[in-house]
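Residues per chain are reported as follows:
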Amino acid sequence: MALVPCQVLRVAILLSYCSILCNYKAIEMPSHQTYGGSWKFLTFIDLVIQAVFFGICVLTDLSSLLTRGSGNQEQERQLRKLISLRDWMLAVLAFPVGVFVVAVFWIIYAYDREMIYPKLLDNFIPGWLNHGMHTTVLPFILIEMRTSHHAYPSRSSGLAAICTFSVGYILWVCWVHHVTGMWVYPFLEHIGPGARIIFFGSTTILMNFLYLLGEVLNSYIWDTQRRLLQ
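Residues numbered from 1 in each chain as written. Predicted model: local features only at pLDDT ≥ 70, side-chain atom pairs only at ≥ 80, totals over all residues. Heavy atoms only, no water.

### Details of the overall build of the protein chain
Then, number 1: Scanning the protein chain from N- to C-terminus turns up 7 helices and 0 strands.
Then, number 2: The C-alpha atoms of the protein chain give a radius of gyration of 19 Å, which matches the 17 Å a tight globule of 230 residues would have.
Then, number 3: Considering only C-alpha atoms, the protein chain reaches an extent of 60 × 35 × 35 Å along its principal axes.
Then, number 4: Counting the 230 residues in the protein chain, one finds 43% classified as buried.
Then, number 5: Look at the contacts in the protein chain between residues 6 or more apart in sequence, and 78% of them connect residues 24 or more apart.
Then, number 6: Accessible surface for the protein chain amounts to roughly 12,400 Å². Of this, 70% is attributable to carbon and sulfur atoms.
Then, number 7: Put simply, the protein chain has 15 plus and 13 minus side-chain charges, and the middle of one group is 6 Å from the middle of the other. (Helix = DSSP H or I, 4+ residues; strand = E, 2+ residues; numbered from the N terminus. Rg over C-alpha atoms; globule rule 2.2 N^0.38 Å. Buried < 20%, exposed > 50% of the residue type's maximum accessible area, 1.4 Å probe, protein only. Contact = heavy atoms within 4.5 Å. Areas by Shrake-Rupley, 256 points an atom, 1.4 Å probe, with all protein chains shown as cover. Lys, Arg positive; Asp, Glu negative; His and termini not counted. Charge placed at Lys NZ, Arg CZ, Asp CG, Glu CD.)

### Things to note about the packing of helix α1 (residues 6-26) against helix α2 (residues 42-67)
Packed helix pairs are specified by the crossing angle of their axes together with the interaxial distance, meaning the distance between the axes.
Then, number 1: Packing of α1 against α2 leaves a shortest axis separation of 9 Å and a crossing angle of 150°. Judged by the inter-axis angle, α1 sits roughly antiparallel to α2. Seen from above, α1 lies across α2 with left-handed handedness. Contacts from Q7, R10, V11, I13, L14, Y17, I20, L21, Y24 and K25 of α1 reach α2 at F44, L47, V48, Q50, A51, F54, G55, C57, V58 and D61. (Axes fitted to C-alpha atoms, helices over the stretch in contact; angles between N-to-C directions. Parallel < 35°, antiparallel > 145°, perpendicular 65-115°, else oblique. Left-handed = near helix turned anticlockwise from the far one by under 90°.)

### Brief notes about the confidence of the model for the protein chain
Then, number 1: The predicted model of the protein chain has a mean per-residue pLDDT of 90, with 94% of residues at 70 or higher.
Then, number 2: When the elements of the protein chain are averaged for pLDDT, helix α7 (residues 193-229) gives the smallest value, 88, and helix α6 (residues 155-180) the largest, 96. (pLDDT = per-residue confidence, 0-100.)

### Some details on the nonpolar core
Then, number 1: Judged by nonpolar contacts, the single largest core of 65 residues is most densely connected at Y17, L42, V97, F165 and Y185.
Then, number 2: Only α1, α2, α3 (73-112), α4 (127-134), α5 (137-147), α6 and α7 provide two or more residues apiece to this core.
Then, number 3: The greatest single-element share of this core, amounting to 16 residues, is contributed by α3. (Core = buried A, V, L, I, M, F, W, Y, C linked by side-chain atoms within 4.5 Å.)

### Some details on the side chain of H32
Then, number 1: Turning to its location among the elements, H32 is positioned in the loop between α1 and α2.
Then, number 2: Overall, H32 belongs to the buried group, its relative accessible area being 13%.
Then, number 3: At 3.2 Å, the side chain of H32 and the backbone oxygen of I27 are in polar contact.
Then, number 4: If sequence neighbours within four positions are ignored, H32 has contacts with Y24, I27, G37 and S38. (Polar contact = N/O pair within 3.5 Å; in protein donor to acceptor, adjacent residues only side chain to side chain.)

### Things to note about a nonpolar patch on the surface
Then, number 1: Where nonpolar side chains cluster on the molecular surface, the patch consists of Y35, W175 and V179 and spans about 290 Å² of accessible area.
Then, number 2: Within the secondary structure, W175 is located in helix α6. (Patch = residues over 30% accessible without salt bridge, like charges linked within 9 Å, V, L, I, M, F, W, Y side chains within 5 Å. Salt bridge = Lys/Arg side-chain N within 4 Å of Asp/Glu carboxyl O.)

### Some thoughts on the UniProt feature "transmembrane region" (unreviewed entry) in the protein chain
Then, number 1: The UniProt feature table records "transmembrane region" (unreviewed entry) at residues 42-67, 88-108, 128-145, 157-178 and 198-221.
Then, number 2: For residues 88-108, the helix share is 100%, the strand share is 0%, and the end-to-end C-alpha distance is 29 Å.
Then, number 3: End-to-end, the C-alpha atoms of residues 128-145 are 24 Å apart, and along that stretch the chain is 89% helix and 0% strand. (UniProt positions renumbered as here; feature names shortened; annotations may be inferred.)

### Some details on the packing of aromatic side chains
Then, number 1: Per the stated rule, a full pass over the model turns up 17 aromatic pairs.
Then, number 2: On the basis of an interplanar angle of 50° and a centroid distance of 6.4 Å, the ring pair of W183 and F200 is categorised as tilted. Of the two residues, W183 is situated in the loop between α6 and α7 and F200 in helix α7; the sequence distance between them amounts to 17 residues. In terms of burial, W183 and F200 fall into one category: buried.
Then, number 3: In textbook terms, an aromatic cluster arises when at least three aromatic residues are bridged by ring pairs, as seen for F41, W183, Y185, F187, F199 and F200. (Phe/Tyr/Trp six-rings, centres within 6.5 Å; stacked < 30°, edge-to-face > 60°.)

### Here we look at the environment of V137
Then, number 1: Looking at the secondary structure, you find V137 in helix α5.
Then, number 2: Using a relative accessible area of 0% as the deciding quantity, one classes V137 as buried.
Then, number 3: Setting aside chain neighbours within four positions, we find V137 in contact with Y17, D46, Q50, G98, V102 and G132.

Below, the structure is given as structure tokens:
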């Protein structure tokens, strides 16, 4: 038996994301007042994705509790839809985008923080909030993957969805630059057009790889658990 029920963990994680989002939006930073606001940053989009995902998880848990033993076929059908949505969101958005944000942020930060998170931001964003946005996302999503089995969509549809998200965000970043003359991320100012194309292509490939990694990890965790129970 788990020390903390997975339902309680999901509520706690959802509340933590709500707190992080509220604190982040309360910060008066110049970038929040420019074109696109917070929505031009993948970190903020990821926080919204994670909050919505764990919100669906909590809603699924509540629906499961209310449906259990009722024998109502319509309620069971709606519950199956919620579970399918929850599983799709983890596979296509929550896991690959969450892991991407954590990995890419800290790799670039370790190389040269001014390229991704200038020291000036320390005057606006406290350290705990930075880790809430760029660190805890990873353990939270791994906890969810470990505590509940998630049915992945077909590989072709899953990869098509994550490619659509990746290309859509790249086009959004380019549009913001077209409108404002400024790149969302400082390091894009210091590389040429060819290098930017390579970078954008590489990020799309990495997103696809992270989707496949999530699929393999999910299967490994639950195949191993089934073998242990036999």
